[in-house]
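Residue strings, one per chain:
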Amino acid sequence: QVQLVESGGGLVQAGGSLRLSCTASGRTFTRYIMGWFRQAPGKEREFVAAIQRSGGNTYYADSVKGRFTISRDNAKNMVYLQMNSLKPEDTAVYYCAADASLMMATNPAQYDYWGQGTQVAVSS
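Summary of the structure given here. (Residues numbered from 1 in each chain as written. Predicted model: local features only at pLDDT ≥ 70, side-chain atom pairs only at ≥ 80, totals over all residues. Heavy atoms only, no water.)

Attention shifts here to the pattern of salt bridges. Applying the stated criterion across every chain yields a total of 4 salt bridges. For Asp90, the salt bridge is made with Arg67, and the minimal N-O distance between the two is 2.7 Å. Of the two residues, Asp90 sits in the loop between β8 (78-83) and β9 (92-99) while Arg67 sits in the loop between β6 (58-60) and β7 (68-73), which places them 23 residues apart along the sequence. A single burial state applies to Asp90 and to Arg67, both of which are buried. Connected through salt bridges with shared partners, the residues Arg38, Glu46, Arg67 and Asp90 form a single ionic network. (Salt bridge = Lys/Arg side-chain N within 4 Å of Asp/Glu carboxyl O. Helix = DSSP H or I, 4+ residues; strand = E, 2+ residues; numbered from the N terminus. Buried < 20%, exposed > 50% of the residue type's maximum accessible area, 1.4 Å probe, protein only.)

With the rule as written, the count across this model stands at 7 aromatic pairs. Measuring from ring centre to ring centre gives 5.9 Å for Tyr32 and Tyr113, while their planes differ by 85 degrees; the resulting arrangement is edge-to-face. Note that Tyr32 is positioned in the loop between β3 (18-26) and β4 (33-39) and Tyr113 in strand β10 (residues 113-114), a separation of 81 residues in sequence. Per residue, the accessibility class of Tyr32 equals that of Tyr113, and both read buried. Every member of this aromatic cluster is reached through a ring pair, and the members are Phe37, Phe47, Tyr59, Tyr95, Tyr111 and Trp114. Lying over the aromatic face of Tyr95, Arg45 brings its terminal NZ or CZ to 3.8 Å of the ring centre. The lysine or arginine in question, Arg72, covers the ring of Phe29, its NZ or CZ lying 4.4 Å from the ring centre. (Phe/Tyr/Trp six-rings, centres within 6.5 Å; stacked < 30°, edge-to-face > 60°. Lys NZ or Arg CZ within 6 Å of the ring centre and 35° of its normal.)

Now for the sheet that holds β7. Ordered by their spatial adjacency, 4 strands build an open sheet running β1-β3-β8-β7, and the pairing between neighbours is antiparallel. Strands at the two margins of the open sheet, each flanked by one partner only, are β1 (2-7) and β7. Mean inter-strand twist for the sheet, computed between neighbouring axes without regard to direction, equals 15 degrees. Pairing geometry for β3 and β8, over 6 bridges, is antiparallel. Paired with Cys22 across the strands is Val79, a residue of β8. (Pairing = 2+ DSSP bridges. Axes fitted to C-alpha atoms, helices over the stretch in contact; angles between N-to-C directions.)

On to the pairing of β1, then. Burial of β1 is one-sided: the residues Val2, Leu4 and Glu6 facing one way are buried, the residues Gln3, Val5 and Ser7 facing the other way are not. Relative to β3, β1 runs antiparallel, the two sharing 6 bridges. Looking at the pairing, Val2 lines up with Gly26 of β3.

Below is the structure:
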């Protein structure tokens, strides 16, 4: 079992930045690929970014590529999402997720554990 807790959400103006954090506890953190997803009101949960166990490889949704950066600190059991040049369409609840499989995935159904989410709101 892995427990995930997100933090760092808030209200920011368009063009601004936020850094989301996710703290993991439980089984060995390095066993998991970590991902960030988001869900806006009335929409399905969508993939944002993922990072391999070692942190060496990352993958991003086209909508955030070049603006968001995912990273992890395995010594601290933490994963981060640095979000720059935020747009109103980035407004959503952001979720941290852990995946025990071998390949990074964009399908939320593949992820085994989820946090409770943190709200990000971007005003125009």
